[in-house]
Amino acid sequence: MERITMSKAQEFLGKEIKIGAWVTNKRSSGKIAFLQLRDGDYYFQGIVLKNEVEPEVFETAKGLTQETSIMLTGVVQEDTRSKLGYELLVKDIEVLGESHDYPITPKEHGTEFLMDHRHLWLRSSKQHAILKIRNEIIRATYEFFNKEGFMKVDPPILTGSAPEGTTELFHTEYFDQEAYLSQSGQLYMEAAAMAFGKVFSFGPTFRAEKSKTRRHLIEFWMMEPEMAFMHQDESLEVQEQYVAYLIQSVLDNCDYYLDVLERDKEVLKKYTQLPYDRISYDDAIELLHKNDFTDITWGDDFGSPHETFIAEQSDRPVFILNYPKAIKPFYMKEHPDRDDVVLCADLIAPEGYGEIIGGSEREVNYDKLSQQIENFGLSLEDYEWYLDLRRYGSVPHSGFGLGLERTVTWISGTEHIRESTAFPRLLNRLYP
Ligand code: 4AD
Ligand code: MG
């Protein structure tokens with residue numbers, strides 16, 4: 001007899017199988033026990049009929065407590081009332097691990113309590129669905145970039161460079177030197193693009209941000225493509241195609257999980273329509289002023305109410321182009337006709353989820369770049385290797401970074417970014 005998970009229910013319809021599961025809830029009367037079960041893939045029902053099993057099996061079923069692990073023998077049958085569409089008619093139950101006084105009960109719990117029990121909270125259907133969607137986004141990311149001819153290159157995590165500014169670095173000892181945890185792999189990816197053309201990285205990045213918002217993590221995963229011989233306008237096309245691809249993949253492969261989260265699929269479908277609108281930073285400021293936002297002037301970075309308002313002008317994500325040079329990192333290419341803005345864009349997600357992508361064309365002019373490194377208070381010596389990329393066969397190139405957790409939060413329709421990763425690192429949280 002084969003051991004399966006309910007992901008194979010269709011294939012094993014009417015057949016007797018074994019399945020390992022945990023009990024999430026149970027209801028029983030004199031003649032029938034309804035077990036709410038989960039097997040890692042899905043949440044489903046097991047039915048135990050007193051007249052059809054050995055007496056001790058029915059007794060075992062009646063005594064099952066929340067999160068007890070069991071090995072079940074039973075027959076897969078259709079269950080049109082459940083989301084999954086299948087249930088298990090149980091024949092035998094072997095208890096593997098008992099569970100008593102499970103802390104997360106079906107009643108409401110506060111966020112801090114749930115975060116303290118994150119290692120268990122992962123088992124609940126909503127958290128499970130969010131992380132399944134995260135997994136699909138990761139899968140689709142590799143598929144998209146492989147299909148488009150990108151090569152994956154892994155930048156280092158221990159580094160001596162600070163592409164996104166020096167205020168939010170995690171410092172660590174590196175024998176007798178000082179190192180930081182990477183805040184972005186970009187500079188290394190630029191080197192990789194000069195060797196391999198089109199590259200992408202996907203790995204953890206760290207920012208010691210003192211922000212305690214629903215959009216910020218201390219440790220998050222970033223997808224960073226870098227493309228040689230590519231200008232910013234072409235990079236925007238790659239970005240929107242990639243985002244639309246992620247949405248379509250989740251719609252195609254995570255229907256069950258979107259239903260668990262009660263995510264509106266019609267809204268998601270709109271996000272697959274391209275192109276996304278583009279608005280310049282200048283026009284965005286003007287638009288905000290026309291709409292009585294008096295708390296921002298040209299030169300300021302947008303706060304989340306500003307981003308939300310700008311994104312509300314469309315029913316899809318919006319690119320904001322060409323920000324002031326002073327509020328963006330040193331490596332961005334100066335606009336060809338103006339020295340006060342750079343060739344960059346942030347992609348702002350709808351529904352108040354904020355920036356999910358930051359990207360730009362990179363400065364290739366050696367003098368401008370080295371001047372910028374100094375302007376940002378960085379030491380030229382540390383960036384000699386980076387300047388080499390402009391000394392030896394430099395080409396126009398562009399790239400971007402997509403924040404995985406922000407994207408997961410948005411696509412899954414989750415309130416707070418802390419639920420988009422298994423074990424979030426937050427300002428005041430290192431446990432569990
Ligand atoms: O805009 P950022 O800072 O861009 C870079 O790091 C570039 N070097 C990327 C590149 O061009 N290769 O970060 C990129 C994205 C943001 O748009 C956001 O989605 C995410 O990373 N991000 C965060 N996500 C969660 N928590 C934080 N503290 C984040 N900071 C940035
Ligand atoms: Mg940014």
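As the structure is a prediction and not an experimental result, all values here were calculated from the model. (Residues numbered from 1 in each chain as written. Chains lettered and ligands numbered in written order. Predicted model: local features only at pLDDT ≥ 70, side-chain atom pairs only at ≥ 80, totals over all residues.)

**Student:** Can you break down the overall build of the protein chain residue by residue, with the values?
**Tutor:** Across its full length, the protein chain holds 13 helices and 16 strands. Among the 432 residues that make up the protein chain, the fraction classed as buried is 37%. Sequence separation of 24 or more characterises 66% of the internal contacts of the protein chain that already satisfy a separation of 6 or more. (Helix = DSSP H or I, 4+ residues; strand = E, 2+ residues; numbered from the N terminus. Buried ≥ 20, exposed ≤ 12 C-beta atoms within 10 Å, placed from the backbone. Contact = placed C-beta atoms within 7 Å.)

**Student:** Account for the sheet that holds strand S4 (residues 69-78), with residues named and values stated.
**Tutor:** Spatial strand order, S1-S2-S3-S5-S4: five strands in a closed barrel with mixed pairing. Each strand axis lies, on average, 55° off the axis of its neighbour in the sheet, ignoring direction. Sheet analysis places strand S3 (residues 43-49) next to strand S5 (residues 86-97), joined by three bridges and oriented parallel. Residue pairing in the sheet places Gly46 in a bridge with Leu88 of S5. Its contacts with the sheet put helix H1 (residues 55-63) on strand S1 (16-28), strand S2 (32-38), S3 and S5, and the angle it makes with S5 is roughly 85°. (Pairing = 2+ DSSP bridges. Axes fitted to C-alpha atoms, helices over the stretch in contact; angles between N-to-C directions.)

**Student:** Tell me about the UniProt feature "domain: Aminoacyl-transfer RNA synthetases class-II family profile" (unreviewed entry) in the protein chain, and name the residues and values.
**Tutor:** According to UniProt, the feature "domain: Aminoacyl-transfer RNA synthetases class-II family profile" (unreviewed entry) maps to residues 131-432 in the numbering used here. Annotated as 35% helix and 20% strand, the span residues 131-432 places its first and last C-alpha atoms 17 Å apart. (UniProt positions renumbered as here; feature names shortened; annotations may be inferred.)

**Student:** I'd love a proper account of helix H9 (residues 281-290), names of residues and values included.
**Tutor:** For an α-helix, the turn length of 3.6 residues means that residues three or four places apart are oriented alike. Considered for burial, the residues of H9 that qualify are Tyr281, Ala284 and Ile285. One side of H9 carries all its buried residues, which in axial view fall inside an arc of 100°. Looking at the packing, one finds that the buried side of H9 touches strand S12 (277-280), helix H10 (304-311) and strand S13 (318-321). Downstream of H9 by one or two residues, Asp292 has phi in the positive range, about 65°. (Arc of directions from axis to C-beta.)

**Student:** Report on the domain arrangement of the protein chain, specifying residues and quantitative values.
**Tutor:** It is common to give the size of an interface as the accessible area lost on bringing the parts into contact. Once the domains are mapped, the protein chain shows domain 1 (6-97) and domain 2 (118-420). One C-alpha centre belongs to domain 1, the other to domain 2, and the line joining them spans 44 Å. Its residues placed into classes, the side of domain 1 that touches domain 2 shows two nonpolar, no polar and two charged. (Domains from an automatic or database assignment. Nonpolar A, V, L, I, M, F, W, Y, C, P; charged D, E, K, R; others polar.)

**Student:** Go over the pairing of S13 with me, naming the residues and quoting the values.
**Tutor:** Every second residue of S13 is oriented toward a common face, with Val318 and Ile320 on one face and Phe319 and Leu321 on the other, all of them buried. Of the pairings in the sheet, the one linking S12 to S13 comprises four bridges and is parallel in character. Residue pairing in the sheet places Ile279 in a bridge with Ile320 of S13. Here S13 pairs with strand S14 (residues 344-349) via four bridges, running antiparallel. When the bridges of S14 are listed, Phe319 appears paired with Leu347.

**Student:** How would you sum up the nonpolar core? Please name residues and give values.
**Tutor:** Nonpolar side chains tend toward joint burial in soluble globular proteins. Ile133, Ile320 and Ile411 are the most contacted members of the largest nonpolar core, which totals 64 residues. Of all the elements, helix H6 (residues 232-253) adds the most residues to this core, at seven residues. Once you skip the residues sitting within four places of it in the chain, Ile320 turns out to touch Ile279, Tyr281, Ala284, Ile310, Ala345, Asp346 and Ile348. Listed in part, the 24 residues of the second largest apolar core include Phe58, Leu72, Leu88 and Ile93. (Core = buried A, V, L, I, M, F, W, Y, C linked by C-beta atoms within 7 Å.)

**Student:** Break down the sheet that holds strand S9 (residues 177-181) for me, citing the residues and quoting the values.
**Tutor:** One open sheet holds the three strands; their spatial order is S7-S9-S8, and the pairing between them is antiparallel. Edge positions in the open sheet fall to strand S7 (158-159) and strand S8 (171-174), since each of these has one partner strand only. Here S8 pairs with S9 via four bridges, running antiparallel. When the sheet's bridge partners are listed, Thr172 is paired in S9 with Ala179.

**Student:** Explain H6 residue by residue, including any values.
**Tutor:** Taking 1.5 Å of rise per residue, the 22 residues of H6 would be expected to cover 32 Å, and the 31 Å separating its terminal C-alpha atoms lies within 8% of that figure. Of the positions making up H6, those classed as buried are Gln232, Ser235, Leu236, Val238, Gln239, Glu240, Tyr242, Val243, Leu246, Ile247 and Val250. (Expected span 1.5 Å × (residues − 1).)

**Student:** Quick rundown of unusual backbone geometry? Include the residues and the values.
**Tutor:** A negative phi angle is the norm for most residues apart from glycine, just as the trans form is the norm for most peptide bonds. Here Leu274 and Pro275 are connected by a cis peptide whose omega angle stands at -5°. Its location among the elements puts Pro275 in the loop between helix H8 (265-270) and S12. Cis geometry marks the peptide bond from Tyr431 to Pro432; its omega dihedral reads -10°. Phi angles above zero are rare outside glycine, and Phe175 is one such case at about 55°. Following the sequence through the fold, Phe175 ends up in the loop between S8 and S9.

**Student:** Tell me about the environment of Ser201, residues and numbers included.
**Tutor:** Tracing the sequence through the fold places Ser201 in strand S10 (residues 198-206). Ignoring sequence-local partners within four residues, the contact set of Ser201 consists of Lys152, Val153, Asp154, Pro155, Gly185, Met189 and Glu224.

**Student:** Residues and numbers for the pairing of S3, please.
**Tutor:** When S2 meets S3, the two strands line up antiparallel, connected through seven bridges. Its bridge partner lying in S3, Gln36 is registered against Gln45.

**Student:** Can you break down the site of ligand 1 residue by residue, with the values?
**Tutor:** In the region of ligand 1, 22 residues are neighbours, and Ser184, Gln186, Gly358, Gly401 and Gly403 sit closest. Among the elements of the structure, strand S11 (219-228), strand S15 (354-361), strand S16 (397-403) and helix H13 (404-412) are those that each provide at least two residues to the shell around ligand 1. Per-element tally for the shell around ligand 1: the top contributor is S15, with five residues. Broken down by class, the residue content of the shell around ligand 1 amounts to seven nonpolar, eight polar and seven charged. (Near = placed C-beta within 6 Å.)

**Student:** Which residues make up the packing of helix H4 (residues 125-147) against H13, and what values do they have?
**Tutor:** Axis separation between H4 and H13 bottoms out at 10 Å; the angle between their running directions is 120°. Judged by the inter-axis angle, H4 sits oblique to H13. Crossing angle aside, the handedness with which H4 passes H13 is right-handed. Here H4 contributes Ile130, Ile133, Arg134 and Ile137 to the contact with H13, which in turn contributes Leu404, Thr407, Val408, Ile411 and Ser412. For the contact of H4 with H13, the residue count by class is six nonpolar, two polar and one charged. (Parallel < 35°, antiparallel > 145°, perpendicular 65-115°, else oblique. Left-handed = near helix turned anticlockwise from the far one by under 90°.)

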